[in-house]
Amino acid sequence: MTVPATSAPRARSTYRHGDLRRALLAAGVELARAGGPEAVVLREATRRAGVVPNAAYRHFESRQALLQAVRAAALKAVARAMEAELATLRPMPDPATFARATVRAVGTGYLRFAQSETGLFRTAFATQVDVEAQPDKAKSGDSGLNPFQLLGAALDRLVEAGAMPAERRPGAEYLAWSAVHGLAMLVIDGPLRALPREQVDALGQRLLDMVEKGL
């Protein structure tokens, strides 16, 4: 007999310690991926994990608690996308050229993630966060840095290579981030959302040129 797709999964009682939290978080991430932060609902996460709603409260006391954990996972995914772009860089003889390529890779990874994982991107920046907080493994990529810190490290490299005056470094990450994030939002939620991907990519590279020259 075929089970209807809308049938709720059976409640489970066989999760080991910690497994249920991971299952709930994984369910929350998939909800965010499909529908953004508004889709992260504790009851639906428990349904997908196959447990009764009360079981979730041992790990997430509220919908907000689950959303914060999902948001951290989304930030980690953004950081890993940026790191993947950085990993494509090849050694260059000129430190300044390599430093500029590093900044471009960070921005490119950010923009590409916004387009390919729109729900997670919205979730990553859905709530207030102290971007200057100490590194948090839950929000960081394999380097141990979160997206904001990866940008900061790339800008530090510009200064070290002599490609940006040291006196212009303070606050530069906020300027660069504002520009790139602004384009990302125009593309996924604004009037640029109908543009072809290749045109968006070209705009992104021109924006990164502008950011680099403006720093």
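Residues numbered from 1 in each chain as written. Predicted model: local features only at pLDDT ≥ 70, side-chain atom pairs only at ≥ 80, totals over all residues. Heavy atoms only, no water.

Comments concerning the overall build of the protein chain
Selection criterion: Only DSSP runs of H or I with at least four residues qualify as helices, and only runs of E with at least two residues qualify as strands; both kinds are numbered from the N terminus onward. Whether two residues are in contact is decided by their heavy atoms, any of which lying within 4.5 Å being enough.
Scanning the protein chain from N- to C-terminus turns up 9 helices and 0 strands. When its helices and strands are written in sequence order, the protein chain yields α-α-α-α-α-α-α-α-α. Taking as baseline every contact in the protein chain between residues at least 6 positions apart, the subset at least 24 positions apart corresponds to 69%.

Re the nonpolar core
Defined as follows: Throughout this description, the term nonpolar core refers to a set of buried Ala, Val, Leu, Ile, Met, Phe, Trp, Tyr and Cys residues connected via side-chain atoms within 4.5 Å. Throughout this description, buried means an accessible area under 20% of the type-specific maximum (1.4 Å probe, protein chains only), exposed means over 50%, and partly exposed covers the range between.
Counting residues in each nonpolar core, the largest one holds 53 residues, and the members touching the most others are Leu24, Leu66, Val70, Phe121, Leu155, Leu158 and Leu215. If one sorts the elements of this core by residue count, helix H4 (residues 63-86) sits on top with 9 residues. Those residues in contact with Leu24 that sit more than four places away from it in its chain are Ala45, Thr46, Ala49, Ala56, Phe60 and Leu66.

Section: the side chain of Thr123
To keep it simple, the criterion reads: Here a polar contact is taken to be a pair of N or O atoms separated by no more than 3.5 Å, where protein atoms must pair a possible hydrogen donor with a possible acceptor and residues adjacent in sequence count only if both atoms sit in side chains.
Tracing the chain through its elements places Thr123 in helix H6 (residues 118-124). Classification of Thr123 as buried rests on a relative accessible area of 0%. Among the polar contacts made by the side chain of Thr123, one reaches the main-chain carbonyl oxygen of Gly119 at a distance of 2.8 Å. Not counting residues up to four positions away in its chain, the partners in contact with Thr123 are Ala32, Gly36, Pro37, Leu67, Val70 and Arg71.

Considering the confidence of the model for the protein chain
When pLDDT is low, close inspection of the predicted coordinates is not appropriate. For clarity, the threshold we go by: Residue-level confidence of the predictor, termed pLDDT, takes values from 0 up to 100.
Summary statistics for the protein chain give a mean pLDDT of 88 and a share of 88% for residues scoring 70 or more. Every residue in residues 1-11 scores below 50 in pLDDT, and together they form 8 contacts with partners more than four places removed in sequence or on other chains.

A closer look at the side chain of Asp19
Along the chain, the position of Asp19 falls in helix H1 (residues 19-35). Among the polar contacts listed, one links the side chain of Asp19 to the side chain of Arg22, at a separation of 2.4 Å.

Digging into helix H7 (residues 147-160)
Spelled out, the test is: By this rule, a helix spans an expected 1.5 Å times one less than how many residues it contains.
The terminal C-alpha atoms of H7, which comprises 14 residues, lie 20 Å apart, in line with the 20 Å expected from a rise of 1.5 Å per residue. Along H7, the residues classified as buried are Pro147, Phe148, Gln149, Leu150, Leu151, Gly152, Ala154, Leu155 and Leu158. Considering only its buried residues, H7 is in contact with H4, helix H5 (95-116) and helix H8 (172-189). Looking one or two residues beyond H7, the residue adopting positive phi is Gly162, at roughly 80 degrees.

Side note on the pattern of salt bridges
Definition in use: Salt-bridge detection follows one rule: a side-chain nitrogen of Lys or Arg within 4 Å of a carboxyl oxygen of Asp or Glu.
One pass over the structure, following the stated rule, counts 13 salt bridges. A salt bridge links Asp19 to Arg22, with the shortest nitrogen-to-oxygen separation between them at 2.4 Å. Within this pair, Asp19 and its partner Arg22 are both found in helix H1, separated by 3 residues, close to a single helical turn. In this structure Arg22 comes out as exposed when scored by relative accessible area, which is 54%. Here Glu30 ties to Arg33 by a salt bridge, and the two come within 2.4 Å at their closest N and O atoms.

Quick look at the packing of aromatic side chains
Let me state the cut-off plainly: Note on aromatic pairs: the rings of Phe, Tyr and Trp (six-membered ring only in Trp) are paired at centre separations within 6.5 Å, and the planes decide the class, stacked below 30 degrees, edge-to-face beyond 60, tilted for the rest.
Applying the stated criterion across every chain yields a total of 6 aromatic pairs. On the basis of an interplanar angle of 45 degrees and a centroid distance of 5.4 Å, the ring pair of Phe148 and Tyr174 is categorised as tilted. Highlighted residues: Phe148 in helix H7 and Tyr174 in helix H8, separated in sequence by 26 residues. Relative accessible area serves as the criterion here: at 9%, Phe148 is assigned to the buried category. Geometrically, the ring pair formed by Phe148 and Trp177 is tilted, given 5.4 Å between the ring centres and 55 degrees between the ring planes. On the criterion of sequence distance, the pair formed by Phe148 in helix H7 and Trp177 in helix H8 is long-range, its members being 29 residues apart. Through successive ring pairs, a cluster of aromatic residues spans Tyr110, Phe121, Phe125, Phe148, Tyr174 and Trp177.

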